[in-house]
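The lines below spell out each chain.
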Amino acid sequence: MQRFLFRLATIAIGLLFAQPPAVAASSSDDPWWSFQQPLRPAKPKVSGVDWPRNPIDRFVLARLEQAGFQPAPPADHVTLIRRASFDLTGLPPSLSRVDALLADRSPDAYERLIDELLASPHFGERWGRHWLDVARYADSTGGEMDLARPVWHYRDWVIDAFNSNLPFDKFIVWQVAGDLLPDATKEQQIATGFYRCGVFDPLIGNGANEIARLESLVDRVNTTGTAFLGLTLACAQCHDHKYDPISTEEYYQLFAFFNDTDDVHLGLPTKADFERQKANRELIKVLQNELEEYKTKSAGKVRRWELNLSQAEHDGLPKEVQKALEVGVEIRSPENAAVVAVAFFAQDTGHQTRREAIRRLESEAPKSEPAPVMAQSAVQRATHVYDSGDFHSAGEVVAPDFPEALGLDFPNPEGQPLNRLDLAHWLVDPQNPLTARVIVNRVWQHYFGRGLVPTENDFGQRGTLPTHPELLDWIAVEFVESGWDWKALHRLILTSATYQQSSRPRAELSDIDPHNTMLARQARLRLEAEIIRDVSLAAAGLLNRKLGGPTVFPYQPSGVLDSRATKVEWIESEGADRYRRGMYTHQWRLTPHPFYRTFDAPEALTSCTRRYRSNTPLQALTLLNDPSFVEAAVALADRVLSEQHEDDKRLELVFRLGLTRTPSPVETQRLSELLRVRRAEFRQHPQRATKLLQAWKSSPAMPEQAQELAAWTATCRAVMNLDEFITRE
Amino acid sequence: MALPRRRFFYRLGQGLGSVALPWLINTTSSPAATAADGPPTAAHLLPRAKNVIYLFMVGGPSQLDMFDYKPVLAKYAGEPLPESLRKYSNFAQIKEREPKIFPSPWSFSRFGDSGRYVSELMPHFGKIVDEVAIIRTVKTKETVHPFAEMLFNTGYREYGKPSMGAWVTYGLGTESKDFPAYIVMQSGSRLRAKGANYSNGFLPPSYQGVPLRDGSEPILNLQNPAGVSSEHQRDVVQAVAELNNLRSGQLGDTAIEARTRAYELAFRMQSSAPELMDLRGESPATLASYGVDPSRPSFSRNCLIARRLVEKGVRFVQLFHGDWDHHGDIASALPNSCRDVDQACAALVIDLKQRGLLDDTLVIFAGEFGRTSVAQQQVSGSIGRDHHIEAFSIWLAGGGVRSGYTFGATDELGVYATENSVDVHDLHATILYALGLDHEHLTYRFQGRDFRLTDVYGNVRQELFV
């Protein structure tokens with residue numbers, strides 16, 4: 001009660017002064033800033049009244065003006081459409097859309113573009129993949145055995161949730177406790193797959209299954225802390241948190257929320273699937289009976305066939321059959337009679353047609369891959385505090401409860417023990433000081449390369465303070481009050497002038513603000529691994545834009561899966577499945593596809609809230625020499641040769657497909673030179689062209705055409721290796 | 001208008017000076033917010049060693065049949081452990097209530113001036129026994145392979161932590177202009193925790209171990225695409241560099257220059273890596289001493305390549321070789337495993353010494369644990385040894401380590417340490433010390449905490465140094 005009154009007082013004071021909570025605790029008795037509920041701050045006054053497009057800009061501009069600086073000029077429309085397309089869909093814009101935007105003089109041209117991109121089904125893929133990093137998503141269990149775990153239903157649910165703009169509080173609640181909602185739908189249950197994405201190692205603890213289970217709960221508590229609260233709860237597993245007010249007891253109270261949970265599989269075929277399956281089964285039975293009947297009735301046919309065999313036909317039969325035929329029908333053994341009958345039916349169309357009909361029905365049966373989900377356990381398990389995190393030394397028993405320090409009065413209905421659904425509701429309670437801030441901050445980080453709280457994974461006392469505390473709180477409150485409207489949050493940020501600034505580094509600020517904490521410009525960011533694959537395929541015109549479904553197996557260098565404890569094969573996908581988006585490539589957690597690791601895709605061992613953007617020679621070697629990229633370069637060359645007919649036009653098209661913008665005369669000149677020299681080489685060494693084009697499905701028949709395609713491939717490789725090709729500006 | 005042409009390829013022949021970054025380039029977006037500071041790239045203490053060759057024996061070699069001579073075991077052959085040790089039950093697989101003592105089936109004799117006992121399975125080791133320090137009492141906490149591997153290689157029993165090689169390259173940078181600072185090779189091994197053993201963990205990706213692959217392409221995508229001549233490739237890379245520079249000039253973004261430098265190094269690696277793997281320049285005597293068939297991938301070949309890498313300034317070379325997990329049929333399996341490594345390990349130490357590299361290079365030979373002095377009886381009737389974590393032997397050579405020295409001792413049945421137990425963290429602290437790194441100061445801030453290779457443990461065992 002006292003705490004409640006205290007909060008009332010704080011809120012009142014807060015309202016009175018309309019000030020954000022003090023960032024650095026002024027006295028050690030105050031709760032840490034991020035443990036206090038965010039209140040909507042007043043928008044600051046600024047002198048530059050023309051610049052702000054929405055409230056975000058007021059906060060940013062106020063800070064800049066305070067430091068005596070102005071924002072950067074807006075990026076041009078070509079840069080903007082490329083930036084927004086990458087950020088919202090992970091794909092380059094179509095050239096026709098670029099042209100349309102450039103021709104559109106209406107004041108809301110850009111806003112309409114953003115709405116269009118938000119409505120694109122690829123929005124769910126792009127932001128779904130960001131969330132899957134947090135969910136430590138992979139397609140196998142990890143651990144020594146690294147067994148297959150088809151959790152892609154969950155992945156598809158995430159994509160759908162973002163595309164259908166499921167309010168983010170629901171997005172969280174379903175993942176934490178969708179199975180406990182009244183009359184839980186299939187989707188709500190699949191959402192709990194979030195907690196089934198982590199490493200599970202049955203060999204842990206010397207084969208004691210209970211230890212393996214407890215370890216997987218540790219992963220769930222830690223993931224909860226990272227994903228929703230931005231807290232390093234993991235520290236408190238073995239000892240009271242050294243820096244944040246989280247005790248070991250509280251750690252195991254959170255642990256207790258997950259202890260009464262079982263890992264189960266949800267069979268997924270729909271009711272219609274089941275009905276069709278049932279009908280198929282019955283039909284198959286009927287056809288099989290009919291087939292047996294046909295076979296019994298065919299005795300006479302077999303005899304006639306045998307008698308009418310020509311010498312040539314007889315000699316063409318397998319030795320075994322010839323031998324069986326040596327014995328007269330009357331004294332033939334049942335075994336030999338069967339051999340003869342099999343030989344007859346193998347060539348009998350009546351039999352074959354019937355077999356084929358059955359086979360077709362059998363293959364039509366829906367292939368269901370059950371989805372791993374959570375379910376409330378029938379047994380109740382006591383949760384202990386484990387001394388030093390050692391599962392062999394169980395201490396006192398604790399019940400599910402929330403960390404005290406977050407200062408959130410949460411109703412405990414009629415003394416019922418709290419369950420996972422309460423945890424879910426607690427996470428999204430408007431008074432929860434962390435969740436909205438943490439989510440909003442991570443979204444911001446994806447758009448600016450850096451969060452308003454730069455330590456996006458630590459909002460605790462060892463984390464870095466927010467660069468714009470009022471802005472963070474304003475957006476967080478706005479987000480919650482909008483009903484956790486996911487797409488509105490994105491629209492808000494993307495339509496701000498802050499987002500639309502040029503990313504060009506500003507010399508006058510390079511010393512004063514090297515990390516751009518003042519947001520005096522946008523950021524140039526290297527694209528993520530999956531997106532690098534996607535933009536290459538998109539430029540080449542190869543990309544298969546199919547959404548969701550089971551994982552695919554594009555080209556992978558040999559040897560990656562050698563020396564696994566569980567042997568698996570990488571059977572390369574065929575046809576259009578080879579060109580699916582990067583996020584659908586199968587990920588064996590222990591032996592991931594090397595391309596993705598080279599470009600810093602997470603290892604999926606723990607929740608990943610920020611990827612590195614490294615720059616290594618292995619990346620250069622990949623873009624230069626990896627067969628997938630060579631193939632894309634040939635495809636791009638092929639596309640350009642068929643769509644344009646003059647060198648300069650073609651060069652312009654390569655540039656636009658690769659970089660969205662048109663080349664400068666200097667750039668055209670340099671690439672023309674490359675083209676000229678390569679043409680000469682391939683004319684002199686036509687076999688080199690033939691070899692290079694082996695990477696492509698259809699090499700032109702005429703040697704001149706092949707040489708031309710090869711020379712253009714060289715040009716396309718150059719463009720696809722430019723820094724700008726894999727950078728969002 | 002002419003391009004502001006930088007004479008890109010003229011620079012390829014020049015050294016790049018003393019740039020001390022693992023890839024010679026910085027990350028375009030270093031996690032400045034989580035890292036307390038940039039990498040230290042300087043030793044804290046007087047360094048004894050500059051480089052490391054770490055021979056990791058996957059599966060846990062049997063110290064009692066190789067290094068730690070226990071004649072008393074023969075006296076108790078077939079008997080259960082004595083009353084005082086009955087409580088010992090930290091077995092991974094043995095389910096028997098009273099497993100029987102199993103003396104080494106192999107004979108031991110004294111070698112070198114130090115007169116230390118070495119098993120007949122390791123005749124070549126006898127030749128270098130005066131060059132190495134043997135630690136008989138290494139202790140670990142994990143009895144299960146993947147966790148024991150990770151504890152031994154990263155200091156933590158779980159996934160996601162930086163490996164020792166990553167910490168060392170983070171601490172010291174590289175001196176190689178043609179290679180990554182941390183290189184990994186594998187032979188015959190079945191590493192259970194795979195890449196987690198040479199991962200950068202939460203350190204920037206440039207500190208990860210780069211595995212060299214067998215065959216003609218030691219690094220992925222090293223070869224030009226089919227039909228692309230080296231002149232063609234050079235032309236493309238040059239065009240990329242020029243156009244990048246143009247952009248970089250317009251935008252003033254140094255990240256673009258870093259990208260261009262990565263292309264330069266990539267282009268150099270396309271020739272330097274195949275040269276590295278081409279052993280034709282090695283004398284027949286050298287090849288014979290290692291027992292290398294240049295055309296066949298093997299642990300021996302990897303040892304020779306490790307020496308060549310150290311010569312080129314690569315900071316940390318880690319070899320994984322297995323499988324030493326002899327739960328059954330140890331009588332025929334262990335001699336084979338020893339034969340696979342014994343000659344090459346000895347040759348490596350001798351070769352490094354002859355070339356004057358041993359003083360600067362710390363060689364480590366270790367597995368994730370040792371094996372029990374009691375027998376593991378298989379259903380098939382064959383006999384092996386189970387995992388043993390209380391005390392097992394490893395050896396160190398070079399890098400200022402006291403040669404011909406034995407540290408620690410185990411009881412007469414080879415179960416526990418009787419003196420100078422060295423746990424995994426002590427070993428890590430000691431290895432960092434050899435490199436001039438203070439294990440308490442080599443830290444990296446991640447999720448609000450300053451992490452170390454040694455977690456919150458580790459004592460340097462200075463007795464191991466001259």
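Caption draft 1: Representation of the overall build of chain B. For chain B, the count of helices and strands is eleven helices and 17 strands. Taken across its 466 residues, chain B has 62% of its residues classed as buried. Here the analysis covers contacts within chain B between residues at least 6 apart in sequence; of these, 79% occur between residues at least 24 apart. Surface summary for chain B: the accessible area is close to 16,300 Å², and the carbon and sulfur share equals 48%. In chain B, the 48 positive side-chain charges and the 50 negative ones have mean positions that sit 3 Å from each other.

Caption draft 2: Local environment of the packing of helix α6 (residues 121–134) of chain A against helix α7 (residues 152–163) of chain A. Residues and elements named next belong to chain A. Packing of α6 against α7 brings their axes to within 8 Å, and their N-to-C directions diverge by 125°. On the basis of the axis angle, α6 is oblique to α7. The two elements α6 and α7 cross, and the hand of that crossing is right-handed. Along the contact surface, α6 presents Pro-121, Phe-123, Gly-124, Glu-125, Trp-127, Gly-128, Trp-131 and Leu-132, while α7 presents Tyr-154, Arg-155, Val-158, Ile-159, Phe-162 and Asn-163. Considering only residue class, the contact of α6 with α7 consists of nine nonpolar, three polar and two charged.

Caption draft 3: Structural context of the packing of aromatic side chains. For the structure on display, the rule yields 62 aromatic pairs over all chains. Summarising the aromatic geometry, the rings of Trp-127 of chain A and Trp-486 of chain A are spaced 6.0 Å apart at their centres and angled 85° between planes, so their arrangement reads as edge-to-face. With a gap of 359 residues between them, Trp-127 of chain A in helix α6 and Trp-486 of chain A in helix α21 (residues 486–494) connect regions that are remote in the sequence. Taken individually, Trp-127 of chain A and Trp-486 of chain A each receive the classification buried, so the pair is uniform in this respect. Their ring planes at 10° and their centres at 4.8 Å tell us that Phe-202 of chain B and Phe-446 of chain B sit as a pair that is stacked. One end of the pair, Phe-202 of chain B, is in the loop between β5 (182–187) and β6 (210–211); the other, Phe-446 of chain B, is in strand β16 (residues 444–446), and 244 residues separate them in sequence. The ring of Phe-194 of chain A has Arg-136 of chain A sitting right over it, with the charged end atom 5.7 Å from the ring centre.

Caption draft 4: Seen up close, unusual backbone geometry. That bond from Gly-322 of chain B to Asp-323 of chain B is cis: its omega, 10°, falls within 30 degrees of zero. Along the chain, Asp-323 of chain B turns up in the loop between β7 (316–321) and α10 (330–354). We note that Asp-600 of chain A has phi near 70°; this positive angle belongs to a residue other than glycine. Structurally, the position occupied by Asp-600 of chain A is in the loop between α23 (594–598) and α24 (617–625). A residue is classified by how much of its surface remains accessible, and Asp-600 of chain A, at 6% relative accessible area, is buried.

Caption draft 5: Layout of the pairing of strand β11 (residues 392–397) of chain B. All names here are of chain B. Most of β11 sits inside the fold, with six of its six residues counted as buried. Note: strand β4 (residues 132–139) against β11, five bridges, orientation antiparallel. Following the sheet pairing, Ala-133 is matched in β11 by Leu-396. Sheet topology places strand β8 (residues 361–367) next to β11; three bridges connect them, and they run antiparallel. Bridged to Ile-364 within β11 is Leu-396.

Caption draft 6: Representation of the environment of Ala-488 of chain A in the model. Residues and elements named next belong to chain A. Looking at where Ala-488 falls in the secondary structure, it is placed in helix α21. Under the relative-accessibility criterion, Ala-488 is labelled partly exposed at 24%. Spatially, the C-alpha atoms of Ala-488 and Glu-478 are 9.7 Å apart, while their sequence positions differ by ten residues.

Caption draft 7: A look at the side chain of Glu-125 of chain A. Residue and element names in this part refer to chain A. The topology assignment puts Glu-125 in helix α6. Side-chain polar atoms of Glu-125 contact the side chain of His-122, separated by 2.7 Å. Ignoring sequence-local partners within four residues, the contact set of Glu-125 consists of Ile-159, Lys-546, Leu-547, Arg-581, Met-583 and Tyr-584.

Caption draft 8: Inspection of the nonpolar core at higher detail. By size, the foremost hydrophobic cluster in this structure holds 132 residues, and its most contacted members are Leu-55, Phe-125, Leu-309 and Trp-395 of chain B. Residue contributions to this core peak at eleven residues, all from α10 of chain B. With residues near it in sequence (within four places) discarded, Phe-125 of chain B still touches Phe-67, Val-118, Val-132, Ile-134, Asp-342, Ala-346 and Trp-395 of chain B. Core analysis: the next-biggest nonpolar cluster, separate from the first, contains 126 residues, Ala-177, Ile-190, Ala-191 and Leu-434 of chain A among them.

Caption draft 9: Expanded view of the interface of chain B and chain A. If you look at the interface, chain B gives 80 residues, while chain A gives 76 residues. Of the roughly 6,700 Å² buried between chain B and chain A, counting both surfaces, carbon and sulfur atoms make up 57%. On the chain B side of the interface with chain A, the three residues burying the most area are Asn-221, Arg-259 and Gln-447 of chain B, jointly 11% of the side's total. Across the chain B-chain A interface, the total number found is twelve salt bridges. The salt bridge partner of Glu-729 of chain A is Arg-247 of chain B, with a shortest N-O separation of 2.4 Å. Our count for the chain B to chain A interface comes out at 26 residue pairs in polar contact (both at pLDDT 80 or more). Looking at the side of chain B that touches chain A, the elements that each hand over two or more residues are α4 (145–154), α6 (230–251), α7 (254–277) and β16 of chain B. Taken together, the residues of the side of chain B that touches chain A sort by class into 42 nonpolar, 24 polar and 14 charged.

Caption draft 10: Structural detail: α24 of chain A. Among the nine residues that make up α24 of chain A, nine are buried, leaving the element largely enclosed by the rest of the structure. Within α24 of chain A, burial applies to Pro-617, Leu-618, Gln-619, Ala-620, Leu-621, Thr-622, Leu-623, Leu-624 and Asn-625 of chain A.

The rules behind the values
- Residues numbered from 1 in each chain as written.
- Chains lettered and ligands numbered in written order.
- Predicted model: local features only at pLDDT ≥ 70, side-chain atom pairs only at ≥ 80, totals over all residues.
- Heavy atoms only, no water.
- Helix = DSSP H or I, 4+ residues; strand = E, 2+ residues; numbered from the N terminus.
- Buried < 20%, exposed > 50% of the residue type's maximum accessible area, 1.4 Å probe, protein only.
- Contact = heavy atoms within 4.5 Å.
- Areas by Shrake-Rupley, 256 points an atom, 1.4 Å probe, with all protein chains shown as cover.
- Lys, Arg positive; Asp, Glu negative; His and termini not counted.
- Charge placed at Lys NZ, Arg CZ, Asp CG, Glu CD.
- Axes fitted to C-alpha atoms, helices over the stretch in contact; angles between N-to-C directions.
- Parallel < 35°, antiparallel > 145°, perpendicular 65-115°, else oblique.
- Left-handed = near helix turned anticlockwise from the far one by under 90°.
- Nonpolar A, V, L, I, M, F, W, Y, C, P; charged D, E, K, R; others polar.
- Phe/Tyr/Trp six-rings, centres within 6.5 Å; stacked < 30°, edge-to-face > 60°.
- Lys NZ or Arg CZ within 6 Å of the ring centre and 35° of its normal.
- Pairing = 2+ DSSP bridges.
- Polar contact = N/O pair within 3.5 Å; in protein donor to acceptor, adjacent residues only side chain to side chain.
- Core = buried A, V, L, I, M, F, W, Y, C linked by side-chain atoms within 4.5 Å.
- Buried area = accessible area lost by both parts, 1.4 Å probe.
- Salt bridge = Lys/Arg side-chain N within 4 Å of Asp/Glu carboxyl O.

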